[in-house]
Amino acid sequence: MQYLHRHAALTILLPLVLLAGESARADESTLLTHTRQLTFEGRRAGEGYFSADGRLLVFQSERHEGNPFYQIYLMDLETGDTTLISPGHGKTTCAWIHPSSTRILFASTHEDPDAKKKQEEELELRASGQQRRYEWSFDEHFELYEKDLATGALTRLTDANGYDAEGSYSPDGSLIAFASNRHTYDRALTDDEKKQLEHDPSYFMDLYLMNADGSNLRRLTDAPGYDGGPFFSPDGKRLCFRRFSPDGATAEIYTIAIDGRDERRLTHLGHMSWAPYYHPSGEYLIFTTNVHGFANFELYLVDAQGRKDPVRVTHTEGFDGLPVFSPDGNRLAWTSNRAPGNQSQIFIADWNHAKAREMLGLADAPAIAIPETAADITAADLEKHVRILAGEAMQGRMTGEAGERLATQYAADAFRALGLVPAGDNGTYFQQFDFTAGVSLGPDNALTATFPDDKTARYKPDHDWRPLSFSATGQIPAAPVVFAGYGIVAPAEGDFEEYDAYVHLDVTDKWVMILRYLPENIAPERRQHLHRYASLRHKAMTARDRGARGLIVVSGPNSQVKEQLIPMRLDGSLAGSGLAALSITDELAEVFLNLHDKSLKSLQDKLDTGEPMMGFSLDKVSLNASIDIEKETRTGRNVLARLPAGDKPTEHIVILGAHIDHLGQGRSAGSTARDEESEDIHYGADDNASGVAALFEVAQHLSASRDRKGAQKPSEASRDHQGAENSGLKHDILFAAWSGEELGLLGSAHFVNHLAEGDPARTLHPHIMAYINMDMVGRLRENLIVQGVGSSSIWPAVIEQRNAPVGLPITLQNDSYLPTDATSFYLRGVPILSLFTGSHAEYHSPRDTPDTLNYDGLARVAKLAALITRDLALRDKAPDYQAQARPDSGAQRARLRAYLGTIPDYAAEDIEGLKLSGVVKSGPAEQAGLRAGDIILELAGRKITNIYDYTYAIEALKINEPVSITIEREGNSLELTLTPGSRE
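First things first, this report covers the structure right here in the doc. Just so it is clear, the structure is predicted and the values come from calculations on it, not from any experiment.

## What to know about the overall build of the protein chain
Step number 1: From N to C terminus, the protein chain includes 18 helices and 51 strands.
Step number 2: The principal-axis extent of the C-alpha atoms belonging to the protein chain is close to 110 × 75 × 50 Å.
Step number 3: Here the protein chain holds 984 residues, and 57% of them are scored as buried.
Step number 4: Taken as a whole, the protein chain presents about 39600 Å² of accessible surface, with 47% of it coming from carbon and sulfur.

## Considering the environment of Phe415
Step number 1: The residue Phe415 is located in helix α6 (residues 402-417) in this model.
Step number 2: Each C-alpha atom, one on Phe415 and one on Ala641, is 6.5 Å from the other, the two residues being 226 residues apart in sequence.
Step number 3: Filtering out sequence-adjacent residues up to four positions away, Phe415 remains in contact with Leu420, Tyr429, Val639, Ala641, Leu695, Phe696, Ala699 and Phe735.

## Let's talk about the sheet that holds strand β8 (residues 143-148)
Step number 1: Spatial ordering of the open sheet is given by β6-β7-β8-β9, a layout of four strands whose pairing is antiparallel. On the outer flanks of this sheet lie β6 (92-97) and β9 (154-156), each paired with one strand and no other. Averaged over all pairs of adjacent strands, the angle between strand axes in this sheet comes to 25°, irrespective of strand direction.
Step number 2: Two elements, strand β7 (residues 103-108) and β8, share six bridges in a ladder whose sense is antiparallel.

## A short note on the packing of helix α11 (residues 685-705) against helix α16 (residues 855-873)
Step number 1: The geometry of α11 relative to α16 is characterised by a closest axis approach of 9 Å and an angle of 50° between their N-to-C directions. The orientation of α11 relative to α16 falls into the category oblique. Along this stretch, α11 crosses α16, giving a crossing that reads as right-handed. For the pair α11 and α16, the contacting residues are Ser690, Ala694, Val698, His701, Leu702 and Ser705 in the first and Leu858, Ala862, Ala865, Ala866, Thr869 and Arg870 in the second.
Step number 2: Of the residues in the contact of α11 with α16, the class split is seven nonpolar, four polar and one charged.

Cut-offs used in this document
Residues numbered from 1 in each chain as written. Predicted model: local features only at pLDDT ≥ 70, side-chain atom pairs only at ≥ 80, totals over all residues. Heavy atoms only, no water. Helix = DSSP H or I, 4+ residues; strand = E, 2+ residues; numbered from the N terminus. Buried < 20%, exposed > 50% of the residue type's maximum accessible area, 1.4 Å probe, protein only. Areas by Shrake-Rupley, 256 points an atom, 1.4 Å probe, with all protein chains shown as cover. Contact = heavy atoms within 4.5 Å. Pairing = 2+ DSSP bridges. Axes fitted to C-alpha atoms, helices over the stretch in contact; angles between N-to-C directions. Parallel < 35°, antiparallel > 145°, perpendicular 65-115°, else oblique. Left-handed = near helix turned anticlockwise from the far one by under 90°. Nonpolar A, V, L, I, M, F, W, Y, C, P; charged D, E, K, R; others polar.

Written out as structure tokens, the structure is:
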């Protein structure tokens with residue numbers, strides 16, 4: 001399946017080159033042990049590939065009597081039985097076992113009318129004592145075949161002039177990837193191309209993909225030079241292959257997504273690197289290269305992203321190539337001429353996966369030593385923890401990635417060092433949870449239009465169209481198309497009349513084409529009214545409820561979006577919409593509209609006035625689709641440790657928590673990184689290494705002082721409940737380092753759901769007496785913000801008394817619906833407090849580093865948290881719970897489209913307006929002249945009294961249309977002009 005370019009193999013002599021670090025590597029036994037020869041019979045054998053269960057091996061060998069060319073054989077690795085699979089005449093190559101182990105794919109020329117004649121000529125040549133120098137034949141009669149092992153039936157899958165070979169099944173058996181130069185034979189060639197084809201047909205080889213039955217053929221690559229040897233990644237989403245330079249002198253290893261996008265080059269060796277194959281872990285690939293000389297091909301490893309230097313595997317002179325891992329990743333089979341006689345045969349050995357990961361720098365970093373810290377809470381000890389948690393090794397602590405695993409291991413080790421009791425799963429400190437990390441296109445996406453006279457057109461996914469993340473999946477039968485303007489249905493309200501894009505429009509069992517947002521040129525108040533009904537999910541629901549089969553979303557030229565196709569992203573819900581939903585480019589929409597003498601621009605111009613406009617049928621277009629959306633699942637983990645009050649767990653507990661995860665490396669959702677920082681680590685020193693460091697210090701302090709007499713006198717307000725001289729804890733304290741907070745409070749939500757045994761209505765109070773949260777507590781400036789005070793009547797008194805010895809300037813806020821882990825508990829009936837030192841310009845950027853923190857201030861916050869937590873653990877009764885109405889924060893409205901780049905100051909309590917703690921560098925607000933300390937009083941004619949007014953006002957803004965903003969600065973009122981940017 002993986003063939004060396006003949007010109008490169010025969011004419012290029014490459015110098016010996018030693019890669020960095022090779023001298024430190026051991027011989028083959030470092031990675032390969034118990035090496036043995038597997039095949040012996042015949043002139044040569046090679047290209048052995050395992051079945052999905054590892055019990056079978058298919059390979060090619062020159063051993064069939066009367067045929068000098070390769071034939072395909074199947075070996076049972078449990079019995080050694082070997083069976084001929086191919087017809088026995090003609091040339092064959094590149095076999096692969098279907099995942100079901102019921103059929104085998106291979107390439108063959110046995111239907112070439114001259115097949116037997118070519119065999120005879122080759123045998124006569126050899127009988128004369130002559131022998132050709134070995135080179136691969138790109139015979140244009142090679143086709144792909146599939147053999148049913150039960151019936152022996154042989155099915156031809158390809159039927160085109162040219163070389164079709166090097167095929168492999170996808171992991172689920174639904175697809176076949178192969179190499180072909182067929183496109184060269186179905187068009188007129190120039191004279192130069194004719195000469196090139198005659199001289200080197202491999203020059204025109206490219207990658208193709210088709211369904212396993214031979215249907216739905218698509219071409220993936222079109223670069224000059226030989227693209228070949230495709231194998232699927234273990235998850236089926238990518239292909240690895242090798243690409244020769246146009247002159248055939250060198251080759252490098254590449255991968256590509258199965259939709260033909262995201263091509264990545266993994267090697268830059270400048271030599272002959274080919275025959276790549278994925279390890280089942282998906283973390284790295286093995287390949288063949290002659291970097292050590294023309295006659296010495298060796299096996300090397302490269303990580304799946306191509307970020308590390310390749311690592312050498314074999315150290316034996318001669319040819320070692322065509323490697324393949326067993327399905328469990330514990331064995332390696334490859335072709336080598338190390339056997340006596342120098343004829344190529346298949347060898348097999350045990351594989352050391354752990355050592356391979358270590359050599360490639362992929363192994364999890366060793367556990368980090370816990371620093372020595374004092375029992376008292378100190379700024380110096382807090383800084384030690386922050387610098388570790390927000391260090392390079394943690395890689396930004398993205399949930400489900402190596403940095404998070406290292407950080408959570410550090411947390412578990414810290415709790416263990418303090419003598420705390422494990423409170424996670426199965427007697428460990430860890431509580432694992434699975435989550436959907438993202439959505440992406442699956443392999444089976446297709447959109448086809450049928451026009452008059454039965455003409456059809458097929459459109460490329462992720463180029464002409466893209467499914468929406470909440471779309472229904474599967475085959476969508478052909479259906480006609482109707483146009484429904486902006487697709488909004490909004491009831492009459494006050495002075496606003498009803499808006500209905502579906503008046504007198506029958507959409508039953510049809511595709512509904514709509515525009516993406518809402519009319520652009522209407523009054524701000526009207527925009528705010530319609531905005532509530534303009535989210536894509538709401539539009540999809542509206543179309544579904546009217547019987548539509550599918551939704552087609554078009555951005556339109558007036559929308560000024562950065563990308564016409566709507567990005568595939570999670571929108572806070574994994575629920576589907578109940579109908580097919582996709583976006584298409586403006587260009588494709590024009591194709592459909594122009595057939596009906598319509599123009600997208602003129603339609604949008606008319607709709608943007610806000611005047612009603614009847615929808616209409618696009619009866620010259622019918623669409624059918626296949627929609628395939630894959631969800632990527634990862635595992636995160638919380639770290640839970642218990643400080644016991646006595647010999648057995650108490651009925652009631654107090655929880656102190658902080659989230660340990662952050663945004664990882666590179667720009668991701670929520671990142672405020674500048675363009676030049678887009679690949680940098682988001683260290684998260686304040687968010688939330690500060691909170692976790694404080695968690696460790698509080699745990700150490702309370703653990704050390706648990707039995708100290710009189711360490712904390714009970715408050716006068718609670719003396720009736722405790723007894724004045726009681727010094728021991730009455731309730732266990734649970735310390736929790738949550739993961740997944742940045743992705744939507746995933747870890748804390750999993751904890752409460754698990755504790756509630758999946759009952760969505762079950763309260764956790766009073767079992768959980770109260771929950772105290774520390775999130776972003778490292779930037780103390782003017783005030784500590786204590787949120788959630790309205791969740792219980794006891795909090796003002798507790799905060800007053802426990803802050804008396806600490807002396808922090810405090811701002812109290814009643815709101816208990818917060819964008820942090822405390823909300824997971826409040827929604828379960830638990831009183832909460834959340835400590836917060838405010839937002840800043842470095843929030844969610846690589847600039848949130850340890851040197852920006854106020855460690856003395858952090859120590860004071862941690863001391864207050866310790867005093868409040870101990871107060872709760874000494875009480876007889878749990879604090880009362882006070883329910884609050886959820887504020888109208890705009891969460892139910894559409895996603896904000898306009899971007900201003902302002903950072904609200906959440907500590908500003910007693911002002912009318914919205915105070916800013918900062919502005920994003922180079923953002924619209926900074927360009928307009930706004931700065932930290934400004935108080936926004938009015939935006940686009942709307943009075944601003946709080947964050948909710950501000951959010952609502954932003955909904956009325958148009959992208960790139962200047963608006964007036966009135967601010968107060970140092971007691972003076974200023975009017976500035978601000979031009980909103982676009983988030984999308």
